[in-house]
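Summary of the model geometry
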Amino acid sequence: MKYVSTRGQAPVLNFEETMLTGLARDGGLYVPETIPVMSAGDIAALAGLSYEEQAFRVMRPFIGDAFTDAEFEAIIARAYASFGHAARAPLVQLGPNHFLLELFHGPTLAFKDFAMQLIGQMFEASLKRSGKRVTIVGATSGDTGSAAIEAFRGLDAVDVFIMYPHGRVSEVQRRQMTTPTEANVHALAVDGDFDDCQARLKDMFNDHAFRDRVALAGVNSINWARVLAQVVYFFSSAVALGAPGRRVSFTVPTGNFGDIFAGFIAREMGLTIDRLVIATNQNDILHRTMTDGRYTKHGVVPSISPSMDIEVSSNFERALFWAHDRDGAAVAALMKELAETGEFRISENAMTALAAIYDSGTADEATTSETITRTLAERAELLCPHTAVGVHVGDQHARRGNPVPMITLATAHPAKFPDAVEAATGVRPPLPSRMADLYERPERLTRVANDLAALQDLIEGKRQR
């Protein structure tokens, strides 16, 4: 299995190289050269297996000879051993044709744990074998950072620096990043929004001298291994509802487009997915793009669903790559236009390709709160604000009379956003017992300007040699 860049000018890599590299040297994102297809029989055979067994069968064709079967099985087992639910990703029925996929039973209570715990184990196995050391730098709107720190804390061959927008994450999200005591992890509070953090991350990767000097590696959703790990729960949930003999649709609360793009990969692999529905909050650039074909930045407005407060959705580049028949030059031109003008227009043919797969919807702040209130009252489910955005959009889609079952992804535990949940319901969701003292733990963070040189100097000064 080989991997190519969405912009067509970077070296072709194998899985292990792709995982350790993150962003391609031409600024693009790595994707598989070909997508392995599972037969209907192979998909049906996933029914009744453990999540770990399903994960092995779905991901194995993508990793080539990076790990032996026995090594990969052990990596998967370690990755999900700390999850708080035996099913790992259980389904809950919300209504006659609407289901909730709970993705918040991992160690940091968010869907990012599915990918990050796996990547942590793969990085450790790979680096032990090679004797190399890497510096992981990540940007987060809230959940990726805590999941990365949890996955890599204390590992000998890794330094981890996570940039988050100062004052724009929930207190629980912040404390999950700032309270670990291990010397190899560092939380960096950047003066700016998530798009600023993500831009500085890409600047670091594009500074090849710095990248090589610190052995830079990335674990944001730009990393293909992140997307691959998320493909699994699309299969596990769809099979639980009767796939491949029954079609299903998914609604995905979407910020950086990585999670819903994993659904696209599952569809390309042969999973019987009818529609993939993009659910956005008030920062609705993706919904506007799907409506009028223009990707235009208007500025990010802080919301009660902060992990979705994103305008530059990095993984949308992967969707554009397929919509343009894998034409790297066309994608590179669009990304150049976005960088120079803050917008681009998608061609009619590419929009037709996107519309064949994706629908979209949005929920403003009032609607999000109302959905949290109503879902607790009518369905006895307490939702985080991000999941509420998804449930609202999923309900809208279901009301159009589509008979295909809808699965909405519950991306985080409501206790990660207690203020918003309490404001909507009067109920303050408690943290799990293992995190009960989170508010009492001392914090350790570094506030830093939104400045590339300052960030690079800080990283070079703090990393362990």
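The structure this text deals with has already been given above.
Residues numbered from 1 in each chain as written. Predicted model: local features only at pLDDT ≥ 70, side-chain atom pairs only at ≥ 80, totals over all residues. Heavy atoms only, no water.

1. Examining the overall build of the protein
In plain terms, the rule: Labels follow the DSSP assignment, with helices taken as runs of H or I lasting at least four residues and strands as runs of E lasting at least two, numbered in each case from the N terminus. Two things to know: the radius of gyration comes from C-alpha atoms, and the globule rule equals 2.2 Å times the number of residues to the power 0.38. Relative accessible area decides the class of each residue, using a 1.4 Å probe on protein chains only: under 20% of the type maximum gives buried, over 50% gives exposed, and in between gives partly exposed. In what follows, residue pairs with any heavy atoms lying within 4.5 Å of each other are defined as contacts. Exposure was quantified through the Shrake-Rupley algorithm and a 1.4 Å probe, taking into account, for residues, occlusion by the shown protein chains and nothing else. Positive: Lys, Arg. Negative: Asp, Glu. His and the chain ends are not part of the count. Lys charges are placed at NZ, Arg charges at CZ, Asp charges at CG and Glu charges at CD.
Each helix and strand in the protein was counted, giving 19 helices and 15 strands. Relative to the compact-globule value of 23 Å for 465 residues, the protein shows a C-alpha radius of gyration of 20 Å, a close match. When the backbone C-alpha atoms are referred to their principal axes, the protein occupies close to 60 × 50 × 50 Å. By residue count, 62% of the 465 residues in the protein fall in the buried class. When contacts within the protein are restricted to residue pairs at least 6 apart in sequence, those whose partners lie at least 24 apart make up 75%. Carbon and sulfur atoms make up 49% of the accessible area of the protein, which totals about 16300 Å². Averaged over its 45 positive side-chain charges, the protein has a centre that lies 2 Å from the centre of its 56 negative ones.

2. Looking at unusual backbone geometry
Geometrically, the link from Ala243 to Pro244 is a cis peptide bond, its omega value of 10° lying close to zero. Within the secondary structure, Pro244 sits in the loop between helix H10 (224–240) and strand E9 (248–253). Notably, Leu109 is not glycine yet its phi reads approximately 65°, a positive angle. With respect to the secondary-structure elements, Leu109 resides in the loop between strand E4 (98–102) and helix H5 (112–130). Residue Leu109 is classed as buried on the basis of its relative accessible area of 2%. In this structure, Ala215 takes a positive phi of about 55° despite not being glycine. Structurally, Ala215 is set in the loop between helix H9 (208–213) and strand E8 (216–217).

3. With respect to helix H13 (residues 316–323)
Taking burial as the measure, the 8 residues of H13 include 8 buried ones, the bulk of the element. Residues Phe316, Glu317, Arg318, Ala319, Leu320, Phe321, Trp322 and Ala323 constitute the buried set of H13.

4. A closer look at helix H19 (residues 452–462)
Our working rule: Each polar contact in these results corresponds to two N or O atoms within 3.5 Å; when the atoms are within protein, one needs to be able to donate a hydrogen and the other to accept it, and residues that are neighboring in sequence are counted only if both atoms are side-chain atoms.
The set of residues buried in H19 consists of Leu455, Gln456, Leu458, Ile459 and Glu460. The inward-facing, buried residues of H19 abut strand E5 (134–139), strand E6 (158–165), strand E7 (185–190), helix H8 (194–206), H9 and strand E15 (446–448). With a side-chain oxygen positioned 3.3 Å from the backbone nitrogen of Ala453, the residue opening H19 is Asp451.

5. Observations concerning the pairing of strand E13 (residues 358–362)
Quick note on the threshold: Two strands are said to pair when DSSP picks up at least two bridges between them.
Of all 5 residues in E13, 4 are buried, a share of seventy percent or more. Here strand E10 (residues 273–280) pairs with E13 via 5 bridges, running parallel. Within E13, the residue paired with Val277 across the bridge is Asp359.

6. Some words on empty space enclosed by the protein
Selection criterion: A 1.4 Å probe that fits into a set of points on a 1 Å grid over the protein atoms alone but cannot get out defines a cavity; an open set with protein on both sides within 12 Å along at least five of seven lines defines a pocket, and lining residues are those with an atom within 4 Å of a point. Grid points are joined across faces, edges and corners, and a volume is the space filled by probe spheres set on the points. Asp, Glu, Lys and Arg are counted as charged, while Ala, Val, Leu, Ile, Met, Phe, Trp, Tyr, Cys and Pro are counted as nonpolar; the rest, among them Gly, fall into the polar class.
Counted under the stated rule, the structure contains 5 cavities of 30 Å³ or more. Roughly 280 Å³ of volume is contained in the largest cavity. As for the largest cavity, its lining consists of 26 residues, and the residues nearest its centre are Phe111, Lys112, Gly255, Asn256 and Ser307. Sorting the residues of the lining of the largest cavity by element identifies helix H6 (143–152), H10, E9 and helix H11 (258–268) as the ones contributing at least two each. The greatest single-element share of the lining of the largest cavity, amounting to 3 residues, is contributed by H11. Across the lining of the largest cavity, the residue classes tally to 9 nonpolar, 13 polar and 4 charged.

7. Re the sheet that holds E7
The condition is simple: Fitted lines through C-alpha atoms give the axes, limited to the stretch in contact for helices. The angle between two N-to-C directions lies from 0 to 180 degrees.
Strands sit in the order E8-E5-E6-E7-E15 across an open sheet of 5 strands; the sheet is parallel. Where the open sheet ends on each side, the last strands, each with one partner, are E8 and E15. By the bridge criterion, 6 bridges tie E5 to E6 in an arrangement that is parallel. Residue Ile136 lies in a different strand from E6, and its bridge partner there is Val160. The strands touched by H6 are E5, E6 and E7; relative to E6, the strand with the most contacts, the crossing angle is about 165°.

8. Observations concerning the packing of aromatic side chains
Let me state the cut-off plainly: When two rings of Phe, Tyr or Trp (its six-membered ring) have centres within 6.5 Å they constitute a pair, described as stacked for plane angles under 30 degrees, edge-to-face for angles over 60, and tilted for the intermediate range.
Scanning the entire structure with this criterion turns up 22 aromatic pairs. A ring pair is formed by Phe321 and Trp322, whose centres lie 5.7 Å apart and whose planes are at 85°; its orientation type is edge-to-face. This pair shows no difference in class: Phe321 is buried, exactly as Trp322 is. Counting every residue linked through ring pairs, the aromatic cluster contains Tyr51, Tyr80, Phe83, Phe114, Tyr233, Phe234 and Phe250.

9. So, the environment of Leu438
Mapped onto the secondary structure, Leu438 falls in the loop between helix H18 (418–425) and E15. Along the chain, Leu438 and Glu171 lie 267 residues apart, while their C-alpha atoms are 10.0 Å from each other. Contact partners of Leu438, with chain neighbours within four places excluded, come to Val172, Arg175, Gln176, Thr179 and Leu431.

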